[in-house]
Amino acid sequence: MTAAGLIYSQSWWVASELVRRNPDLIAEETHPGGGTYDVLQLVTTNLLRNHSSQAQIMLNRAGSLQVHFTAFTSAPDQIVVGHWSDLFEDTDSYRVIKAIEDVAQITPQLGAPSSDRSLAYRFFANTINLARLGKPKWDVRSERLDSSGMAGVTLNGYIDRFPEAVTDARNEPVLQMAAGTDPYRQFWAILRDAEPVAMVNAWEGKLYRQGGPTVRLSEQYEVLGRRVTPLVCGMLQQWLP
């Protein structure tokens, strides 16, 4: 789990930095090839709404970092931008971030304020990274299961343990519009040994806990001096057995 955990942590870090620099991007979990691949995919919210011809950034945890282009573009179908070893070996981690932006033909909005989404993704990256050397296996998974040809799009059922999250997923029209009529794609379960200990609505940066109040990540982030590590440590302390 140590090596795999490092890749999973880095995939969320890449996602958080891309979303921070490009606020219109949104992450979703997909498993192309009939479930063969484990991909953290980033697309624009416009693509989700309108299925327009734009780039899809695919961070394959079991493979490479790629950019795919939807139909009706002159770009190649698929371009491999780099591999996970590039992130671990390069002294400038942002080189990969910039390469992905160049290939995907997106211009970063440098200086844009952090969004709830980018903070949530940073929270995921730091949670996995800080906990990956311990005995429990930690992971972050979407409530929406896209197995690409196996069982189609279904729900994992993690959210059922968090009634307030269920209510929000059903009753937030803004989230439904932004998430392409499927709000569950932005509800992520934090798993300890495959069991959900929390659910995060990444669109709004809301963390739901069993038997505890909902936490606004941005509010706690400000209280802790805009530092993610203390925020994660506080949550891990509550979730450890």
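Structure first, text after, so check above.
What comes next concerns the included structure. Nothing here was measured: the structure is a model prediction, and the numbers come from that model.

With that out of the way, let us pick up the nonpolar core. By size, the foremost hydrophobic cluster in this structure holds 52 residues, and its most contacted members are Trp-12, Tyr-121, Phe-123, Ile-190 and Trp-239. With eight residues, the single largest contributor to this core is helix H6 (residues 116-131). Residues in contact with Ile-190, not counting those within four places in the same chain, are Phe-123, Phe-124, Thr-127, Trp-138, Asp-139, Val-140, Glu-195, Pro-196, Val-197, Ala-198, Val-200 and Trp-239. Tyr-158, Val-166, Tyr-184 and Leu-191 belong to the second largest nonpolar core, which has twelve residues in total.

The way to describe two aromatic rings as a pair is by their centre distance and the angle between their planes. Scanning all chains against the criterion turns up seven aromatic pairs. Seen from their ring centres, Trp-12 and Phe-124 are 4.9 Å apart, and the 70 degrees between their planes marks the pair as edge-to-face. One end of the pair, Trp-12, is in helix H1 (residues 2-21); the other, Phe-124, is in helix H6, with 112 residues separating them in the sequence. We classify Trp-12 as buried; its relative accessible area is 0%. Judged by relative accessible area, Phe-124 falls into the buried class, the value being 0%. Consider the rings of Phe-124 and Trp-188, whose centres lie 6.3 Å apart with planes at 55 degrees: the pair is tilted. Residue Phe-124 is located in helix H6, and its partner Trp-188 is located in strand E9 (residues 187-192); the two are separated by 64 residues in the primary sequence. For the pair shown, Phe-124 and Trp-188 are each scored as buried. Taken together, the ring pairs connect Trp-12, Tyr-121, Phe-124 and Trp-188 into an aromatic cluster.

The next thing to look at is the sheet that holds strand E2 (residues 39-44). Taking strand neighbours across the sheet as the criterion, the five strands line up as E1-E2-E3-E4-E5 in an open arrangement whose pairing is antiparallel. Both outer strands of the open sheet, strand E1 (25-30) and strand E5 (78-83), are each paired with one neighbouring strand and no more. Going across the sheet, the axis of each strand differs from the next one's by a mean of 25 degrees, ignoring polarity. Note that E2 and strand E3 (residues 55-60) share four bridges and pair antiparallel. Following the sheet pairing, Leu-42 is matched in E3 by Ile-57. Those strands touched by helix H5 (residues 94-104) are E3, strand E4 (64-69) and E5, and its axis lies near 20 degrees from that of E4.

Between two packed helices, the angle of one axis relative to the other and the distance separating the axes together describe the packing. Viewed as axis vectors pointing N to C, H6 and helix H10 (residues 228-239) meet at an angle of 60 degrees, and their least axial separation amounts to 9 Å. Judged by the inter-axis angle, H6 sits oblique to H10. Viewed along their axes, H6 and H10 form a crossing whose handedness is right-handed. Residues Leu-119, Arg-122, Phe-123, Asn-126, Thr-127, Leu-130 and Ala-131 of H6 form the contact with H10, whose participating residues are Val-228, Thr-229, Leu-231, Val-232, Cys-233, Met-235, Leu-236 and Trp-239. Of the residues assigned to the contact of H6 with H10, the class counts are eleven nonpolar, three polar and one charged.

Applying the stated criterion across every chain yields a total of ten salt bridges. Note that Asp-38 and Arg-61 form a salt bridge whose closest N and O atoms lie 3.1 Å from each other. With Asp-38 in the loop between helix H2 (32-35) and E2 and Arg-61 in the loop between E3 and E4, this pair connects stretches of sequence that are 23 residues apart. Of the two residues, Asp-38 and Arg-61, both sit in the buried class. The salt bridge involving Lys-206 is made with Asp-168; its shortest N-O contact spans 2.7 Å. Of this pair, Lys-206 sits in strand E11 (residues 206-209) while Asp-168 sits in helix H7 (residues 163-171); the two residues are 38 residues apart in sequence, bridging distant segments of the chain. Summarising the burial analysis for this pair, Lys-206 and Asp-168 share the class buried. The structure contains a network of salt bridges with shared partners spanning Glu-29, Asp-38, Arg-61, Asp-139 and Arg-141.

What counts and how
Residues numbered from 1 in each chain as written. Predicted model: local features only at pLDDT ≥ 70, side-chain atom pairs only at ≥ 80, totals over all residues. Heavy atoms only, no water. Core = buried A, V, L, I, M, F, W, Y, C linked by side-chain atoms within 4.5 Å. Buried < 20%, exposed > 50% of the residue type's maximum accessible area, 1.4 Å probe, protein only. Helix = DSSP H or I, 4+ residues; strand = E, 2+ residues; numbered from the N terminus. Contact = heavy atoms within 4.5 Å. Phe/Tyr/Trp six-rings, centres within 6.5 Å; stacked < 30°, edge-to-face > 60°. Pairing = 2+ DSSP bridges. Axes fitted to C-alpha atoms, helices over the stretch in contact; angles between N-to-C directions. Parallel < 35°, antiparallel > 145°, perpendicular 65-115°, else oblique. Left-handed = near helix turned anticlockwise from the far one by under 90°. Nonpolar A, V, L, I, M, F, W, Y, C, P; charged D, E, K, R; others polar. Salt bridge = Lys/Arg side-chain N within 4 Å of Asp/Glu carboxyl O.

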